[in-house]
Amino acid sequence: MPSRASTLKQMFSHAEGSADRARCLEAYKEAMAKSIADARGGKVRFNRETGRLAKGMAADPGRLNQFFDNLTKSLPAEQLAGLQADLSEMRAYLGTDVAKDWTPSNPVGGTGLTPYDLVAPAEVLVPHDTPVRNSTPRAKGNGNARKFKRIDSYTNAGIPGGAAAALPFFSSASSTSTWNGLTLNRPPKISYTGSDHSVGYVELGFSDQVNYLAMFEALGFDDLTALSHTALLWSHLLGEERAMLYGRGSGTGYEGAISAPSGVTAVASGSGATIANATYYVYVTALSGPSTGGGNFESVPSTVVNTGATTGADTITITVGTEPAGALGYAYYIGTTTGPTNAHFQGTFVGNQVVIHTTPGTSGANPLTTDTSASALAYDGNLTVLADPAQSGYVARLNAPFSTSNPGSEFDTALTTMWENNAADPEEIWLTGSLRTELNQLMRIGGTGSGTYGAASGYRTSVETGDNGVTMSTTVTGYVNPATGRVVDINVHRFMPNGCAWLRSTSIPIQDSHVPAPSVAVNVQDYMAIDWPDIQMSKDTSTYQVGTLVHHAPAWSGVLLGVK
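Residues numbered from 1 in each chain as written. Predicted model: local features only at pLDDT ≥ 70, side-chain atom pairs only at ≥ 80, totals over all residues. Heavy atoms only, no water.

In this section: the overall build of the protein chain. For the protein chain, the helix and strand inventory stands at ten helices and 26 strands. Taking all 564 residues of the protein chain together, the buried fraction comes to 36%. Look at the contacts in the protein chain between residues 6 or more apart in sequence, and 73% of them connect residues 24 or more apart. Summing over all exposed atoms, the protein chain offers an accessible surface of approximately 30,600 Å²; the carbon and sulfur share of this is 54%. (Helix = DSSP H or I, 4+ residues; strand = E, 2+ residues; numbered from the N terminus. Buried < 20%, exposed > 50% of the residue type's maximum accessible area, 1.4 Å probe, protein only. Contact = heavy atoms within 4.5 Å. Areas by Shrake-Rupley, 256 points an atom, 1.4 Å probe, with all protein chains shown as cover.)

A contiguous nonpolar patch, built from Ile151, Tyr154, Ile190 and Tyr192 and spanning about 460 Å² of accessible area, is present on the exposed surface. Among the secondary structure elements, Ile190 is positioned in the loop between strand S6 (182–184) and strand S7 (192–200). (Patch = residues over 30% accessible without salt bridge, like charges linked within 9 Å, V, L, I, M, F, W, Y side chains within 5 Å. Salt bridge = Lys/Arg side-chain N within 4 Å of Asp/Glu carboxyl O.)

Taken together, the six strands give an open sheet; going across it, the order is S17-S26-S23-S18-S22-S21, and neighbouring strands pair in mixed fashion. Every other strand in the sheet has two partners, leaving strand S17 (394–400) and strand S21 (478–480) as the edge strands with one partner each. With direction set aside, neighbouring strand axes in the sheet form an average angle of 20°. Strand direction decides the pairing type here: S21 and strand S22 (residues 487–492), joined by three bridges, are antiparallel. Across the sheet, the residue bridging to Tyr479 is Val488, located in S22. Along the sheet, helix H10 (residues 433–445) contacts strand S18 (428–431), S21, S22 and strand S26 (558–563); its crossing angle with S22, the most-contacted strand, is approximately 135°. (Pairing = 2+ DSSP bridges. Axes fitted to C-alpha atoms, helices over the stretch in contact; angles between N-to-C directions.)

Residues Leu245, Leu328, Tyr379, Met496 and Trp502 are the most contacted members of the largest nonpolar core, which totals 31 residues. Going through the elements one at a time, strand S8 (202–204), helix H7 (224–246), helix H8 (382–386), strand S24 (519–531), strand S25 (538–551) and S26 are the ones with two or more residues in this core. At five residues, H7 tops the list of elements feeding residues into this core. The residues touching Tyr379, leaving out its near neighbours within four places in the chain, are Val202, Leu204, Glu240, Ala243, Met244, Gly247, Arg248, Gly249, Tyr254, Gly547, Thr548 and Leu549. By size, the runner-up hydrophobic cluster in this structure holds 25 residues, among which are Tyr394, Ala424, Tyr479 and Val488. (Core = buried A, V, L, I, M, F, W, Y, C linked by side-chain atoms within 4.5 Å.)

The three strands lie next to each other as S10-S13-S16, forming an open sheet whose pairing is antiparallel. The open sheet terminates on both sides in strands that have one partner only, identified here as strand S10 (262–269) and strand S16 (353–356). Across the sheet, the axes of successive neighbouring strands diverge by a mean angle of 15°, strand direction being ignored. The sheet contact formed by strand S13 (residues 315–322) and S16 spans four bridges and is antiparallel. Paired with Thr319 across the strands is Gln353, a residue of S16.

The next thing to look at is helix H9 (residues 409–422). Over its 14 residues, H9 extends 20 Å from the first C-alpha to the last, a length consistent with the 20 Å expected when each residue adds 1.5 Å. Restricting attention to buried positions, one finds in H9 the residues Glu410, Phe411, Ala414, Leu415, Met418 and Asn422. The buried residues of H9 all sit within an arc of 120° when viewed along its axis, so they share a single face. Of the surrounding elements, those touching the buried residues of H9 are S17, S18, H10, S21, strand S23 (501–504) and S26. (Expected span 1.5 Å × (residues − 1). Arc of directions from axis to C-beta.)

On to the confidence of the model for the protein chain. Here the protein chain shows a mean pLDDT of 82. Residues at 70 or above account for 73%. Across residues 94–104, where pLDDT falls below 50, the model places 21 contacts with residues more than four positions away in sequence or in other chains. Across residues 106–114 the pLDDT falls below 50, and counting only partners more than four positions away or on other chains, this stretch makes twelve contacts in the model. (pLDDT = per-residue confidence, 0-100.)

What follows is the structure, encoded as structure tokens:
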């Protein structure tokens, strides 16, 4: 299966700026060309005794024969006889074995087994940022589940759905309070709301294998077992990063499967499209993470709906009428005959609506009739919990782009609501790269409040000129919380699902909460590596971890969904 070529930023992640990356690329190409030229020019040779490549000029039989002639002429006659046999043997070896066995067309047939000067160790050009994992506290766990009790509110906490508010006034001359059935002359009792929580520990791990043949062929170039351990480590850590974002469990204490979308409609109307005349049957699934169709992080499909006969110029508008709790996006499947096995994956969308202008494809995967949105082997990630209105501090489905008339108004509303409900004061906003770019442009250009995009100035663009041209930068790196005045950092994450914006608290502004952070990774056994015994012709290694992600205080964070 072909893979997408790496971008310069991925290849040279250490470089600073596009100019530096371009220089790295030129250096890379120059080094590769030199390596090939050195190999073809004989500067790399194969040592048959050690089985490795060696650098340095290869033996030139003509020059060496001349060297031997000069050597024999310079020796006294009494020493020449004893050396002559050895020199003859060396002449024969160099004249036949070196000169004939290793040539650019060796072996016979021209397969070109020319030794190249390969760099050891291998240059691993894989980005491995794990910011959420790095900033999430880790704690030691025991047993098979993590259990904790939580006081969610008490009198006057002002928590929505919590204990009621009351003023502290009372009269000591009258009986005002009931204690265990007794009416006593005391101030009124306060009330509490609380909850018990238990989440099961799950297992995490990956495996890798280095075949003996590959391991020995790499001698002199790289230590493949060490390279395997490194790649395996980062695969595990990157997997844990994804799990902390959008893992969804169905075991003890977890969110479970997402319901199928309901109220789905598929309407053919309008003009200007190129859809072939037919009646199209549509299924929609809800997504719990990034999906490529055919059952990746997907709910069971919706009830089928059809467009009726199209005219060829019609567009098809698919709308999800009732969005299920926890859905981060949607996938849609279309066929010309009813039944999931006749429908094919067309793509995904955020928001509750997508408009189709071209004839649906017929080669995509079919929707699965079994749920894959949650797994009994997984735990709940941050977005999973925050997309649940019963736990989150704020959930809003925009189903639209960011406002162009009042840029940032969505965050104003979210941050203000979270402050008023829980005194939550998030430190970070996490977005996809495209959403941060969109927000950046909107905040720079500004709005009028009347719907006219870009008519009023946002913030000033600073331009710096010099001998090397013009330098301009307008990136929005922070957002002021209108309720508290805190500057909230705006960050991007490569693994953030499309259409999601995460308003994250990394601490709790309650000194006696006994909560180290809103979310904590609790592990019975943190990351470890296992080298398995050699029972086949390979070196096998696995990573292993037992733990879970505990959400002590999800009400101090929130999420925006369906941002187009």
